[in-house]
Amino acid sequence: MSRRYMVVWFRHLVADWFIRQQPHLQDVPFVFVKADHGRMVISAASVPALQHDIRVNMVLADARAICPALEVFDEIPSVAEIVLRKLCEWCIQFTPIAAIDLPGGLVLDITGCAHLWGGEEQYFRKIRQRLSQLGYQVRCAIADTIGAAWALSRGGLQDTIIPDGKHREAMLSLSPASLRLDLLLLEKMDKLGLYTIQSFIDFPSSILNRRFGELLSYRLAQALGNEEEWIDPIFPVAPYHEYLPSFEPIATKTGIEIALEKLLKEICYRLQKEGKGLRAASLKIFKTDGSKGEIKIATNRPSNNAVHLFKLFELKIEQLDPAPGIEVFLMDVTSVEDTEALQESLFGDLQSLKDSHLAELLDRISGRFGSNKILRFLPAPHHWPERSFATANSLSATTEVSWHFQMRPLRILKTPERIQVTAPIPDYPPMVFRYKEKLHRVRKADGPERIEIEWWLDGGLPRDYYCIEDEEGKRYWLFRTGLYDSEVLPVWFIHGFFA
């Protein structure tokens, strides 16, 4: 399949955006100005201002002389880039590969996308119509190369779809300015009578390089497809994604569920064929008013079970507001892993972390109550208690380190908290301690257990740990740093709580 690109040129980007914010300026001539060498120069102008022969880079004083009723606003820094970024994010509903083309355009890689809308003509018309409804005046072109589409969008007189392989002929009548050349080079070519691409398209590159430098032949080769050109997409492309446009806007939960089932069926079919399972995915909706919504899921093990994944998404559908109507659904699988071929047990059910039923149960619980509510821990190669374990990112994660079977509390504080303690004599457990303004009287105690500092990681003093039970029967894990016979006075901390 040959590559196909669409370039969108916003002819009056900043002015159109400002009118969206200030609708009463629709028919008012106005400009944006910036300081340039002590003068105020026009950086952008509305269509009514352009109709008065006011142009970009014109001095403001000259523009006022032409149009005394001209409205003037200070230029907003980086506004073109900010607006283009938002528009580029909006275009993700039509293609996963969309890039900004400053100062006033977008480049879309539409390869393999147009058929979802019924072909390139319907696809082209849909994007053009939606941008027009948003208030932007655009000129668009579709061609085999980015250079050709760019040239036709700027140099052509109307929107253009160039058939596959016909971009060379379509560019012949365009001016050299449509090849993205600098102004000095264009002036030089104009003096030599090279007014159209046809007048030099057949020249050998060696002649063009000798006369005009390498830029001209390079841009021409890009436009013709002889030189590869890449775009830098605004978002990394997900390894698996599926689109589902709707012919009529969808505004009901039932409609969302039907669309979700279709997307998951396609995604899971591809994953099963390739022996993959998803670990994270998102469903994005694009609405008729230009707004969008998104819900995300994650799994504990790679899964390509469409029924199970639907249940995970179903828990979050209520978070989506379909009003005033959804016109495009997009599913991105942002993380995939190889699936394991598990051997079935001969007797009874397989009861282990590899049991798919357990994994799916944990996925549903996480989806309903939050991914941080269920955690799995693995031992880590450290003796320091707060470093002796790590959170596993999946049920299949393993480690070569074994658990140490010393007495440890179920809950350990991430950072030990300092407490006030009364101890009878050195190395004895405390008689009372105060934690969060509450006094606890010790009824039973066990210890000490000395844990040395990991000197190869950081400095400090060893810790003496005690298991403490207060008069209410609650059990705590306390420790003391430092020794009574040293120069540094001992300090007591609480580090954990037993069940």
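Below is a short write-up of the structure. (Residues numbered from 1 in each chain as written. Predicted model: local features only at pLDDT ≥ 70, side-chain atom pairs only at ≥ 80, totals over all residues. Heavy atoms only, no water.)

It is worth spelling out the pairing of strand S7 (residues 138-143) at this point. A large share of S7 lies buried, amounting to six of its six residues. Here S7 shows no split at all, with Val138, Cys140 and Ile142 on one side and Arg139, Ala141 and Ala143 on the other all buried. With six bridges connecting them, strand S1 (residues 5-10) and S7 associate as antiparallel partners. Bridge assignment links Phe10 to a residue of S7, and that residue is Val138. Inspection of the sheet shows S7 paired to strand S8 (residues 160-161) by two bridges, in the parallel sense. Bridge pairing in S8 places Ile142 opposite Ile161. Between the parallel pair S7 and S8, the chain is carried across by helix H6 (residues 146-155), and the sense of this crossover is left-handed. (Buried < 20%, exposed > 50% of the residue type's maximum accessible area, 1.4 Å probe, protein only. Helix = DSSP H or I, 4+ residues; strand = E, 2+ residues; numbered from the N terminus. Pairing = 2+ DSSP bridges. Right-handed = clockwise from strand over helix to strand, strands pointing away.)

Moving on to the packing of aromatic side chains. Scanning the model with the defined rule gives 20 aromatic pairs in all. The structure contains a cluster of three or more aromatic residues connected by ring pairs, namely Trp17, Phe18, Phe30, Phe32 and Phe73. Over the aromatic face of Phe212 sits the side chain of Arg211, whose NZ or CZ is 6.0 Å from the ring centroid. Geometry around Phe479 places Arg463 over its ring, the cationic atom sitting 4.5 Å from the centre. (Phe/Tyr/Trp six-rings, centres within 6.5 Å; stacked < 30°, edge-to-face > 60°. Lys NZ or Arg CZ within 6 Å of the ring centre and 35° of its normal.)

This part covers helix H11 (residues 253-273). In a regular helix each residue adds 1.5 Å, so 21 residues correspond to 30 Å; H11 covers 30 Å between its end C-alpha atoms and thus fits that length. Considered for burial, the residues of H11 that qualify are Gly255, Ile256, Glu257, Ala259, Leu260, Leu263, Leu264, Ile267, Cys268 and Leu271. Structurally, H11 contributes buried residues whose contacts are with strand S9 (240-250), strand S10 (276-287), strand S11 (292-303), helix H12 (306-314) and strand S12 (326-338). Downstream of H11 by a residue or two, Gly275 has a phi angle that is positive, lying close to 65 degrees. (Expected span 1.5 Å × (residues − 1). Contact = heavy atoms within 4.5 Å.)

On to the packing of helix H1 (residues 13-21) against helix H4 (residues 79-90). Following both chains from N to C, one finds H1 and H4 inclined at 75 degrees, their axes separated by 10 Å at the closest point. As judged from the angle between their axes, H1 and H4 are roughly perpendicular. Between H1 and H4, the contacting residues are Leu13, Val14 and Trp17 on the first element and Val79, Ala80, Val83, Leu84 and Leu87 on the second. Classifying every residue of the contact of H1 with H4 gives eight nonpolar, no polar and no charged. (Axes fitted to C-alpha atoms, helices over the stretch in contact; angles between N-to-C directions. Parallel < 35°, antiparallel > 145°, perpendicular 65-115°, else oblique. Nonpolar A, V, L, I, M, F, W, Y, C, P; charged D, E, K, R; others polar.)

Turning next to the pattern of salt bridges. Under the criterion given, the structure shown has 24 salt bridges. Ionic pairing is found between Asp144 and Arg4, a salt bridge with its closest N-O pair at 2.5 Å. On the criterion of sequence distance, the pair formed by Asp144 in the loop between S7 and H6 and Arg4 in the segment before S1 is long-range, its members being 140 residues apart. Accessibility assignment for this pair places Asp144 and Arg4 in one class, buried. Its salt-bridge partner being Asp202, residue Arg168 comes within 2.5 Å of it at the nearest N-O pair. Taken together, the residues Arg168 in helix H7 (residues 167-171) and Asp202 in the loop between helix H8 (183-191) and helix H9 (205-212) connect sequence positions 34 residues apart. Assessed through its relative accessible area of 60%, Asp202 is described here as exposed. In this structure, a network of salt bridges that share partners links the residues Arg4, Glu120 and Asp144. (Salt bridge = Lys/Arg side-chain N within 4 Å of Asp/Glu carboxyl O.)

Take the layout of surface pockets next. Space inside the largest pocket adds up to approximately 790 Å³. In this structure, the largest pocket is lined by 27 residues; those nearest its centre are Trp9, Arg11, Ser43, Val56 and Pro103. Secondary-structure elements contributing two or more residues to the lining of the largest pocket are S1, H1, strand S2 (30-36), strand S3 (39-45), H4 and H6. When the residues that make up the lining of the largest pocket are grouped by side-chain class, the tally is 17 nonpolar, five polar and five charged. The volume enclosed by the second largest pocket comes to roughly 630 Å³. Taken together, 24 residues form the lining of the second largest pocket, with Ser388, Phe389, Trp403, Arg408 and Ile412 sitting closest to its centre. Sorting the residues of the lining of the second largest pocket by element identifies strand S13 (377-379), strand S15 (411-418) and strand S18 (438-451) as the ones contributing at least two each. With four residues, S15 is the single largest residue contributor to the lining of the second largest pocket. For the lining of the second largest pocket, the per-class residue count stands at twelve nonpolar, six polar and six charged. (1 Å grid on protein atoms, 1.4 Å probe; cavity = no way out; pocket = protein on both sides within 12 Å on 5 of 7 lines; lining within 4 Å. Points joined across faces, edges and corners; volume = space filled by probe spheres on them.)

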